[in-house]
Amino acid sequence: DTPFVFVFCDTKAESEDLYQNLERLEAWAGISIIHIDPPMGLLEYIDHYGGFLPNAQSRWCTRLTKIEPLDNWLAAHFDLGGKDRVWTHVGIRADEDRFGYVSSETDSVQMVLPYVKLGINREAVYTLLSETIGIAPNYRWNSRSSCYCCFFKRRSEKIGLLLNRPDEFNKAAALEKLTAEDAKRFEFTQLTEALSVIPLNHHDYLIPSVIDLRTQHQPTSPRPVRHKRDTLTGDLFDDCYLSSDSD
(Lines give C-alpha, C1' and ligand atoms only; values in the text may rest on other atoms or scores of the structure.)
Protein backbone atom coordinates (compact mmCIF):
# COMPACT_ATOMS: atom_id res chain seq x y z
CA ASP A 1 0.00 0.00 0.00
CA THR A 2 1.11 3.55 -0.74
CA PRO A 3 1.12 5.52 2.54
CA PHE A 4 -0.51 8.92 2.77
CA VAL A 5 1.34 11.68 4.60
CA PHE A 6 -0.59 14.84 5.48
CA VAL A 7 1.40 18.07 5.48
CA PHE A 8 0.60 21.75 5.88
CA CYS A 9 3.01 24.49 4.81
CA ASP A 10 2.70 27.17 7.47
CA THR A 11 3.41 30.73 6.34
CA LYS A 12 3.23 31.93 9.98
CA ALA A 13 0.68 34.50 8.78
CA GLU A 14 -2.37 32.28 8.93
CA SER A 15 -5.66 33.09 10.59
CA GLU A 16 -6.30 31.46 13.96
CA ASP A 17 -9.42 29.94 12.38
CA LEU A 18 -7.23 27.88 10.05
CA TYR A 19 -5.25 26.28 12.88
CA GLN A 20 -8.48 25.40 14.68
CA ASN A 21 -9.82 23.89 11.47
CA LEU A 22 -6.72 21.70 11.13
CA GLU A 23 -7.20 20.46 14.70
CA ARG A 24 -10.83 19.57 13.98
CA LEU A 25 -9.75 17.71 10.84
CA GLU A 26 -7.13 15.72 12.77
CA ALA A 27 -9.67 14.76 15.43
CA TRP A 28 -12.39 13.81 12.94
CA ALA A 29 -10.16 11.84 10.53
CA GLY A 30 -7.85 10.36 13.16
CA ILE A 31 -4.76 11.63 11.38
CA SER A 32 -1.72 13.71 12.22
CA ILE A 33 -0.88 16.72 10.04
CA ILE A 34 2.79 17.66 9.78
CA HIS A 35 3.45 21.40 9.87
CA ILE A 36 6.27 22.41 7.54
CA ASP A 37 7.80 25.70 8.67
CA PRO A 38 9.73 28.02 6.36
CA PRO A 39 13.14 29.43 7.44
CA MET A 40 11.31 32.67 8.22
CA GLY A 41 7.63 33.49 8.50
CA LEU A 42 5.98 35.75 5.93
CA LEU A 43 6.10 38.83 8.16
CA GLU A 44 9.77 38.15 8.92
CA TYR A 45 10.50 37.90 5.19
CA ILE A 46 8.75 41.21 4.56
CA ASP A 47 10.90 42.85 7.24
CA HIS A 48 14.00 41.09 5.85
CA TYR A 49 13.31 42.58 2.41
CA GLY A 50 12.90 46.09 3.75
CA GLY A 51 9.10 46.11 3.72
CA PHE A 52 8.80 44.84 0.13
CA LEU A 53 5.32 43.32 -0.02
CA PRO A 54 4.24 40.42 -2.22
CA ASN A 55 2.17 41.60 -5.16
CA ALA A 56 0.73 40.41 -8.46
CA GLN A 57 3.99 41.22 -10.28
CA SER A 58 6.24 39.61 -7.67
CA ARG A 59 4.44 36.87 -5.80
CA TRP A 60 7.51 35.69 -3.90
CA CYS A 61 5.53 34.72 -0.79
CA THR A 62 4.26 31.37 -2.11
CA ARG A 63 7.69 30.35 -3.35
CA LEU A 64 9.54 31.15 -0.11
CA THR A 65 6.96 30.02 2.46
CA LYS A 66 5.35 27.05 0.70
CA ILE A 67 7.02 25.70 -2.47
CA GLU A 68 10.66 25.76 -1.38
CA PRO A 69 9.97 24.48 2.17
CA LEU A 70 7.90 21.62 0.75
CA ASP A 71 10.62 20.82 -1.81
CA ASN A 72 13.21 20.73 0.99
CA TRP A 73 11.01 18.58 3.21
CA LEU A 74 10.37 16.07 0.44
CA ALA A 75 14.08 15.89 -0.39
CA ALA A 76 14.90 15.24 3.29
CA HIS A 77 12.32 12.46 3.72
CA PHE A 78 12.31 10.67 0.37
CA ASP A 79 14.89 9.30 -2.04
CA LEU A 80 13.98 11.63 -4.88
CA GLY A 81 15.75 10.72 -8.07
CA GLY A 82 16.20 7.22 -6.67
CA LYS A 83 13.70 4.56 -5.67
CA ASP A 84 10.97 6.84 -4.27
CA ARG A 85 8.16 8.50 -6.15
CA VAL A 86 5.85 11.03 -4.56
CA TRP A 87 2.36 12.11 -5.61
CA THR A 88 1.23 15.38 -4.07
CA HIS A 89 -2.56 15.64 -3.79
CA VAL A 90 -3.58 19.29 -3.99
CA GLY A 91 -7.07 20.40 -2.96
CA ILE A 92 -7.87 22.64 -5.91
CA ARG A 93 -11.54 22.37 -6.87
CA ALA A 94 -12.94 21.57 -10.30
CA ASP A 95 -14.38 25.10 -10.62
CA GLU A 96 -11.11 26.91 -9.86
CA ASP A 97 -9.08 28.40 -12.68
CA ARG A 98 -5.61 27.94 -11.23
CA PHE A 99 -2.82 25.42 -10.90
CA GLY A 100 -1.18 23.99 -7.80
CA TYR A 101 2.22 23.08 -6.45
CA VAL A 102 4.79 22.04 -9.04
CA SER A 103 8.02 20.58 -7.67
CA SER A 104 11.39 21.22 -9.22
CA GLU A 105 11.85 17.41 -9.01
CA THR A 106 9.29 16.85 -11.75
CA ASP A 107 10.32 13.23 -12.47
CA SER A 108 10.10 12.07 -8.86
CA VAL A 109 7.24 14.29 -7.64
CA GLN A 110 3.98 14.37 -9.54
CA MET A 111 0.99 16.54 -8.70
CA VAL A 112 -2.53 15.08 -8.56
CA LEU A 113 -5.74 17.13 -8.50
CA PRO A 114 -8.35 14.70 -7.10
CA TYR A 115 -11.14 17.28 -6.81
CA VAL A 116 -10.69 18.28 -10.43
CA LYS A 117 -10.67 14.65 -11.56
CA LEU A 118 -13.83 13.87 -9.57
CA GLY A 119 -15.59 17.09 -10.58
CA ILE A 120 -15.92 18.31 -6.98
CA ASN A 121 -16.79 22.01 -6.97
CA ARG A 122 -17.17 24.64 -4.29
CA GLU A 123 -20.74 23.71 -3.42
CA ALA A 124 -19.79 20.06 -2.95
CA VAL A 125 -16.80 20.98 -0.74
CA TYR A 126 -18.93 23.18 1.52
CA THR A 127 -21.58 20.48 1.76
CA LEU A 128 -18.99 17.87 2.78
CA LEU A 129 -17.53 20.22 5.38
CA SER A 130 -20.93 21.08 6.84
CA GLU A 131 -21.62 17.35 7.27
CA THR A 132 -18.24 16.55 8.89
CA ILE A 133 -15.90 18.98 10.66
CA GLY A 134 -17.93 22.11 9.98
CA ILE A 135 -17.02 25.22 8.03
CA ALA A 136 -14.40 27.53 9.53
CA PRO A 137 -15.97 30.77 10.85
CA ASN A 138 -13.76 32.98 8.69
CA TYR A 139 -15.44 31.61 5.56
CA ARG A 140 -18.39 33.81 6.48
CA TRP A 141 -16.43 36.67 4.92
CA ASN A 142 -13.62 34.90 3.00
CA SER A 143 -13.99 33.29 -0.40
CA ARG A 144 -10.87 31.13 -0.01
CA SER A 145 -8.12 30.17 2.40
CA SER A 146 -5.21 32.59 2.51
CA CYS A 147 -2.92 34.50 4.82
CA TYR A 148 -4.77 37.19 6.73
CA CYS A 149 -2.54 39.80 5.01
CA CYS A 150 -2.89 38.37 1.48
CA PHE A 151 -2.78 41.07 -1.20
CA PHE A 152 -5.31 39.07 -3.26
CA LYS A 153 -8.09 39.66 -0.73
CA ARG A 154 -11.16 41.43 -2.06
CA ARG A 155 -12.30 44.66 -0.46
CA SER A 156 -15.28 42.87 1.01
CA GLU A 157 -12.94 40.31 2.59
CA LYS A 158 -10.80 43.06 4.10
CA ILE A 159 -13.91 44.65 5.58
CA GLY A 160 -14.96 41.29 6.97
CA LEU A 161 -11.49 40.88 8.48
CA LEU A 162 -11.70 44.34 10.06
CA LEU A 163 -15.09 43.65 11.62
CA ASN A 164 -14.44 40.07 12.76
CA ARG A 165 -10.68 39.82 13.33
CA PRO A 166 -9.48 43.39 14.03
CA ASP A 167 -6.15 42.20 15.47
CA GLU A 168 -5.28 40.40 12.23
CA PHE A 169 -6.49 43.37 10.19
CA ASN A 170 -4.26 45.75 12.16
CA LYS A 171 -1.23 43.48 11.69
CA ALA A 172 -1.84 43.45 7.94
CA ALA A 173 -2.44 47.20 7.80
CA ALA A 174 0.80 47.88 9.68
CA LEU A 175 2.74 46.28 6.81
CA GLU A 176 1.57 48.94 4.36
CA LYS A 177 3.90 51.87 4.82
CA LEU A 178 3.75 55.19 2.97
CA THR A 179 6.44 57.74 2.29
CA ALA A 180 6.04 61.06 4.07
CA GLU A 181 4.88 62.63 0.80
CA ASP A 182 2.25 59.97 0.16
CA ALA A 183 1.13 59.97 3.77
CA LYS A 184 0.39 63.70 3.52
CA ARG A 185 -1.63 63.12 0.33
CA PHE A 186 -3.79 60.57 2.12
CA GLU A 187 -4.06 62.41 5.42
CA PHE A 188 -7.57 62.39 6.84
CA THR A 189 -6.97 63.73 10.34
CA GLN A 190 -10.56 64.71 11.05
CA LEU A 191 -11.93 61.39 9.83
CA THR A 192 -9.33 59.45 11.81
CA GLU A 193 -10.14 61.34 14.99
CA ALA A 194 -13.87 60.81 14.47
CA LEU A 195 -13.50 57.09 13.87
CA SER A 196 -11.31 56.69 16.95
CA VAL A 197 -14.27 57.42 19.23
CA ILE A 198 -16.88 55.43 17.28
CA PRO A 199 -17.40 51.83 18.42
CA LEU A 200 -16.63 49.57 15.49
CA ASN A 201 -19.28 46.93 14.95
CA HIS A 202 -21.38 45.70 12.08
CA HIS A 203 -24.43 47.70 13.17
CA ASP A 204 -22.63 50.96 12.41
CA TYR A 205 -21.94 50.27 8.74
CA LEU A 206 -23.77 49.37 5.55
CA ILE A 207 -22.09 46.07 4.68
CA PRO A 208 -22.81 44.23 1.41
CA SER A 209 -24.54 40.91 2.00
CA VAL A 210 -21.90 39.22 -0.16
CA ILE A 211 -19.47 39.37 2.79
CA ASP A 212 -21.49 36.68 4.56
CA LEU A 213 -20.30 33.94 2.22
CA ARG A 214 -21.31 31.15 4.58
CA THR A 215 -23.98 30.83 7.25
CA GLN A 216 -24.69 27.91 9.53
CA HIS A 217 -28.18 27.39 8.18
CA GLN A 218 -26.96 26.99 4.58
CA PRO A 219 -25.68 23.45 3.87
CA THR A 220 -24.58 24.43 0.37
CA SER A 221 -22.60 27.37 -0.90
CA PRO A 222 -24.33 30.61 -1.87
CA ARG A 223 -24.36 31.96 -5.39
CA PRO A 224 -20.99 33.11 -6.75
CA VAL A 225 -19.83 36.66 -6.11
CA ARG A 226 -20.91 39.01 -8.88
CA HIS A 227 -18.59 41.84 -9.77
CA LYS A 228 -21.01 44.71 -10.16
CA ARG A 229 -20.28 48.32 -9.29
CA ASP A 230 -22.24 49.51 -6.29
CA THR A 231 -23.38 53.08 -6.97
CA LEU A 232 -24.82 53.53 -3.49
CA THR A 233 -21.64 53.55 -1.43
CA GLY A 234 -18.99 54.92 -3.75
CA ASP A 235 -15.60 53.33 -4.10
CA LEU A 236 -15.55 51.39 -0.85
CA PHE A 237 -17.58 48.45 -2.17
CA ASP A 238 -17.05 48.88 -5.89
CA ASP A 239 -16.47 45.18 -6.51
CA CYS A 240 -19.46 43.97 -4.49
CA TYR A 241 -23.21 44.11 -4.87
CA LEU A 242 -25.85 44.91 -2.30
CA SER A 243 -28.95 42.87 -1.65
CA SER A 244 -30.96 45.80 -2.98
CA ASP A 245 -29.25 45.62 -6.35
CA SER A 246 -31.38 44.26 -9.13
CA ASP A 247 -30.37 41.17 -11.05
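To keep things clear, this report deals only with the structure shown in the data block. Owing to the predicted nature of the structure, the values given are computational and were not obtained by experimental measurement.

The helix and strand inventory of the protein stands at 9 helices and 4 strands. Counted from the first residue to the last, the protein has its helices and strands arranged as β-α-β-α-α-β-β-α-α-α-α-α-α. A sequence separation of at least 24 residues applies to 58% of the contacts in the protein between residues at least 6 apart.

For helix H3 (residues 60–77), built from 18 residues, the straight-helix expectation of 26 Å at 1.5 Å per residue is met to within 8% by its first-to-last C-alpha distance of 25 Å. The largest bend in H3 is about 30 degrees, located at Ile 67, with the proline Pro 69 one to four residues further on. The inward-facing, buried residues of H3 abut strand S1 (6–9), strand S2 (33–36), helix H2 (42–48), strand S3 (86–89) and strand S4 (109–112).

So, about the packing of helix H6 (residues 155–164) against helix H7 (residues 166–174). Two quantities define a packed helix pair, namely the angle between the axes and the distance from one axis to the other. Where H6 meets H7, the axes come as close as 5 Å, and the angle between the chain directions of the two elements is 125 degrees. Considering their axes alone, H6 and H7 lie oblique with respect to each other. Contact with H6, carried on its side by Lys 158, Leu 161, Leu 162, Leu 163 and Asn 164, involves Pro 166, Glu 168 and Phe 169 of H7 and no other residues of that element. For the contact of H6 with H7, a count of residues per class yields 5 nonpolar, 1 polar and 2 charged.

Under the defined criterion, the tally for this structure stands at 0 disulfides. Cys 61 takes part in no disulfide bond, and the closest cysteine sulfur to it belongs to Cys 150, at a distance of 6.6 Å. Given a relative accessible area of 13%, Cys 61 falls into the buried group. Looking at Cys 147, it has no disulfide partner, and the nearest cysteine sulfur is the one in Cys 149, 5.3 Å off.

Moving on to the packing of aromatic side chains. Counted according to the given criterion, the structure contains 8 aromatic pairs. Judged by centre distance (6.2 Å) and plane angle (70 degrees), the rings of Tyr 45 and Trp 60 are edge-to-face. Of the two residues, Tyr 45 is situated in helix H2 and Trp 60 in helix H3; the sequence distance between them amounts to 15 residues. On the basis of an interplanar angle of 75 degrees and a centroid distance of 6.0 Å, the ring pair of Tyr 126 and Tyr 139 is categorised as edge-to-face. Of this pair, Tyr 126 sits in helix H5 (residues 122–131) while Tyr 139 is found in the loop between H5 and H6, placing the two residues 13 residues apart along the sequence. Taking relative accessible area as the criterion, Tyr 126 reaches 5% and is therefore assigned buried. Exposure remark for Tyr 139: the relative accessible area of 18% places this residue in the buried category. Within the aromatic cluster, the residues linked to one another by ring pairs are Tyr 45, Tyr 49 and Trp 60.

A word on the pairing of S2. Both S1 and S2 contribute to a ladder of 4 bridges, which runs parallel. Looking at the pairing, Cys 9 lines up with Ile 36 of S2. Running through helix H1 (residues 16–29), the crossover from S1 to the neighbouring parallel element S2 is right-handed.

Turning our attention to the side chain of Glu 157. Checked against the element boundaries, Glu 157 lands in helix H6. Excluding residues that lie within four positions of it along the chain, Glu 157 makes contacts with Trp 141, Asn 142, Ser 143, Arg 144 and Phe 152.

This next bit is on the pattern of salt bridges. All chains considered together, the criterion is met by 8 salt bridges. Residue Asp 10 pairs with Lys 12 through a salt bridge whose shortest N-O separation is 3.8 Å. Among the residues examined, Asp 10 registers a relative accessible area of 3% and is labelled buried. Between Glu 157 and Arg 144 there is a salt bridge, and its shortest N-O distance comes to 3.9 Å.

Cut-offs and rules
- Residues numbered from 1 in each chain as written.
- Predicted model: local features only at pLDDT ≥ 70, side-chain atom pairs only at ≥ 80, totals over all residues.
- Heavy atoms only, no water.
- Helix = DSSP H or I, 4+ residues; strand = E, 2+ residues; numbered from the N terminus.
- Contact = heavy atoms within 4.5 Å.
- Expected span 1.5 Å × (residues − 1).
- Bend = angle between axes of the 7 residues up to and from the residue.
- Axes fitted to C-alpha atoms, helices over the stretch in contact; angles between N-to-C directions.
- Parallel < 35°, antiparallel > 145°, perpendicular 65-115°, else oblique.
- Nonpolar A, V, L, I, M, F, W, Y, C, P; charged D, E, K, R; others polar.
- Disulfide = S-S within 2.5 Å.
- Buried < 20%, exposed > 50% of the residue type's maximum accessible area, 1.4 Å probe, protein only.
- Phe/Tyr/Trp six-rings, centres within 6.5 Å; stacked < 30°, edge-to-face > 60°.
- Pairing = 2+ DSSP bridges.
- Right-handed = clockwise from strand over helix to strand, strands pointing away.
- Salt bridge = Lys/Arg side-chain N within 4 Å of Asp/Glu carboxyl O.

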